[in-house]
Amino acid sequence: MICGVDISSASLAVRIGREGAAASFANTVEGISELVAFCRLHQVDLVAMEATGGYEKQSFALLSEQGLAVTILNPRAVRQFALSMGRAEKTDAIDAGMIAWFAEVKNSQPMCLSPASQHHLRALVTRLRQLTEVHTAQRNQQRLITDPAVQASFTELLAVINRQIRELAAAIAALLAADPLWSQLDQAFRTIKGVADRTVARLMAEMPEIGTLSNKTISKLAGVAPLANDSGKHQGKRRVRGGRSSVREILFIVASVVGRYEPDFIAFRERLANAGKPPKVIRIALAHKLLVRLNAKAREVRSQFLHSQPNPSSQQSITA
């Protein structure tokens, strides 16, 4: 029994199965509690919801804490599924039913609730990235202004931003150092020349699965895996699409640095350039190679760490 949930900033439209019982609740703590009661009344086995830019986080956490199995789906995949089934109509109730139907057909599996430390790290890393972008924008704007009063305003604001950036960086470093697994992953990643503290923090925060998935799966998750486009005798160009844009962004930046220091990366880049590959293809290939290297190091660290744990309960917490 699957309950589909269509989430907006203010409400939760729910439906049992593709055309079962429907209801609507407020997207608040009280409304989510009513949703829990609704799911238990209908003996729901799985609650399926779409990723909606953050509006789903509270529902996912509270439902999981109440012991309900929850999965989060790709909204684009759900919409394409609906269109493929000839369901062009779109209302909250219809969307909730399509979400439940998609989860049923795809045999979606429950997702584990991340530990509080993971949420805290992701929040710190996200805020650091936001402040860094604001700092860059303010610096660029400052260069265009000569008025002394406005320059003083820029100086004051940049000082505040710099202070907060330093505080966030220190908090992230302390958080990574306090966790035994994160600390070992940090050390392992830094053995690659060009990989620094912010790269490690971004990977830990936004790709916690690293080291637990195959190279092919983790590459697709980041959106740096070239996808086949063949049909019969036709062999189309491999292209990348989807994935986690924030992770892909940092991989592109860091791979360009690693490509100037690591001998095998240098040789790999030269081999692709000599073969006439376009710069964009080389850029993606380097990012893919870097992610595979990081994933291999993370897999080795996790394996050693799990075997060093004194009891199974510790291993379970690390896997989660």
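Rules and cut-offs
Residues numbered from 1 in each chain as written. Predicted model: local features only at pLDDT ≥ 70, side-chain atom pairs only at ≥ 80, totals over all residues. Heavy atoms only, no water. UniProt positions renumbered as here; feature names shortened; annotations may be inferred. Helix = DSSP H or I, 4+ residues; strand = E, 2+ residues; numbered from the N terminus. Core = buried A, V, L, I, M, F, W, Y, C linked by side-chain atoms within 4.5 Å. Buried < 20%, exposed > 50% of the residue type's maximum accessible area, 1.4 Å probe, protein only. Domains from an automatic or database assignment. Contact = heavy atoms within 4.5 Å. Expected span 1.5 Å × (residues − 1). Patch = residues over 30% accessible without salt bridge, like charges linked within 9 Å, V, L, I, M, F, W, Y side chains within 5 Å. Areas by Shrake-Rupley, 256 points an atom, 1.4 Å probe, with all protein chains shown as cover. Salt bridge = Lys/Arg side-chain N within 4 Å of Asp/Glu carboxyl O. Disulfide = S-S within 2.5 Å. Pairing = 2+ DSSP bridges. Right-handed = clockwise from strand over helix to strand, strands pointing away. Lys, Arg positive; Asp, Glu negative; His and termini not counted. Charge placed at Lys NZ, Arg CZ, Asp CG, Glu CD. Axes fitted to C-alpha atoms, helices over the stretch in contact; angles between N-to-C directions. Parallel < 35°, antiparallel > 145°, perpendicular 65-115°, else oblique. Left-handed = near helix turned anticlockwise from the far one by under 90°. Phe/Tyr/Trp six-rings, centres within 6.5 Å; stacked < 30°, edge-to-face > 60°. Lys NZ or Arg CZ within 6 Å of the ring centre and 35° of its normal. pLDDT = per-residue confidence, 0-100.

Attention now moves to the UniProt feature "domain: Transposase IS110-like N-terminal" (unreviewed entry) in the chain. UniProt records the feature "domain: Transposase IS110-like N-terminal" (unreviewed entry) for residues 3-142 in the present numbering. Strand forms 18% of residues 3-142 and helix 53%; the C-alpha atoms that close the span are 52 Å apart.

Formed by 49 residues in total, the largest nonpolar core has its most connected members in Leu121, Phe189 and Leu290. Counting residues per element, the ones that place at least two in this core are α5 (116-142), α6 (148-178), α7 (180-189), α8 (197-206), α9 (215-222), α10 (245-258), α11 (263-274) and α12 (279-307). If you count residues domain by domain, this core takes at least three from each of domain 2 (116-178) and domain 3 (204-228 + 240-308). Residues in contact with leucine 290, not counting those within four places in the same chain, are Ile192, Val195, Leu251, Val254, Ala255, Val258 and Phe265.

This paragraph deals with α10. Because each turn of an α-helix spans 3.6 residues, side chains separated by three or four positions in sequence point in the same direction. Compared with an ideal rise of 1.5 Å per residue, which puts 14 residues at 20 Å, α10 spans 20 Å between its outermost C-alpha atoms and is within 8% of the ideal. The set of residues buried in α10 consists of Ser246, Val247, Arg248, Ile250, Leu251, Phe252, Val254, Ala255 and Val258. Looking at the buried side of α10, the elements it contacts are α8, α9, α11 and α12.

With that out of the way, let us pick up a nonpolar patch on the surface. A cluster of nonpolar side chains, Leu144, Ile145 and Val150, forms an exposed patch at the surface whose accessible area comes to about 260 Å². Take leucine 144: it is sitting in the loop between α5 and α6.

We now examine the state of the cysteines. Using the criterion set out here, one finds 0 disulfides in the structure. For cysteine 3, which is in no disulfide, the shortest distance to another cysteine sulfur is to cysteine 39 and amounts to 4.1 Å. When its relative accessible area of 0% is taken as the criterion, cysteine 3 is described as buried.

Before going further, it helps to spend a moment on the pairing of strand β5 (residues 70-73). On any regular strand, side chains alternate: one points to one face of the sheet, the next to the other face. For strand β4 (residues 46-50) and β5, the ladder comprises 4 bridges, and the chain directions are parallel. Bridge assignment links methionine 49 to a residue of β5, and that residue is isoleucine 72. Chirality of the crossover, the property in question, places the unit of β4, helix α2 (residues 57-65) and β5 among those that are right-handed.

Here we take up a positive patch on the surface. Together, Lys237, Arg239, Lys280 and Arg283 line one region of the surface with positive charge. Structurally, arginine 239 can be placed in the loop between β7 (234-235) and α10.

Next up on the list: the domain arrangement of the chain. Once the domains are mapped, the chain shows domain 1 (2-106), domain 2 (116-178) and domain 3 (204-228 + 240-308). Put simply, the middle of domain 1 and the middle of domain 3, counted by C-alpha atoms, are 34 Å apart.

The next point concerns the packing of α7 against α12. Running from amino to carboxyl end, α7 crosses α12 at an angle of 140°, the nearest separation of the two axes being 9 Å. By the angle between their directions, the pair α7 and α12 is classed as oblique. Relative to α12, α7 is oriented so that their crossing is right-handed. Across the interface between the two elements, Pro180, Leu181, Gln184, Leu185, Ala188 and Phe189 of α7 pack against Leu294, Lys297, Ala298, Val301, Arg302 and Phe305 of α12.

Take the packing of helix α1 (residues 29-41) against α2 next. Close contact between α1 and α2 brings their axes to 10 Å; oriented N to C, the two are set at 50°. Relative to α2, the element α1 lies oblique. Handedness of the crossing formed by α1 with α2: right-handed. Across the interface between the two elements, Val29, Ile32, Leu35 and Val36 of α1 pack against Gln58, Ser59, Leu62 and Leu63 of α2.

Turning our attention to the packing of aromatic side chains. Tallied over the full model, the rule gives 3 aromatic pairs. Ring centres of phenylalanine 25 and phenylalanine 38 lie 5.8 Å apart, and the angle between their planes is 65°; on these two criteria the pair is classed as edge-to-face. Remark: phenylalanine 38 occurs in helix α1 and phenylalanine 25 occurs in strand β3 (residues 22-26); sequence separation between them is 13 residues. Owing to a relative accessible area of 12%, phenylalanine 25 belongs among the buried residues under this scheme. Pairing phenylalanine 81 with phenylalanine 102 gives two aromatic rings, centres 5.5 Å apart and planes at 70°, and the pair type is edge-to-face. Of this pair, phenylalanine 81 sits in helix α3 (residues 75-84) while phenylalanine 102 sits in helix α4 (residues 92-106), placing them 21 residues apart in sequence. For the pair formed by phenylalanine 81 and phenylalanine 102, the shared burial category is buried. Put simply, the rings of Phe81, Trp101 and Phe102 touch in pairs and so form one group of aromatic residues. Looking at arginine 283, its charged tip hangs above the ring of phenylalanine 252, at a distance of 4.2 Å from the centre.

A word on the confidence of the model for the chain. Scored by pLDDT, the chain has a mean of 88; 93% of the residues are at 70 or more. Helix α13 (residues 312-319) is the least confidently modelled element of the chain, averaging 42 in pLDDT, while α6 averages 94, the highest of any element. Within the model, pLDDT remains below 50 along residues 312-320, and this stretch shows 8 contacts once partners closer than five positions in the same chain are excluded.

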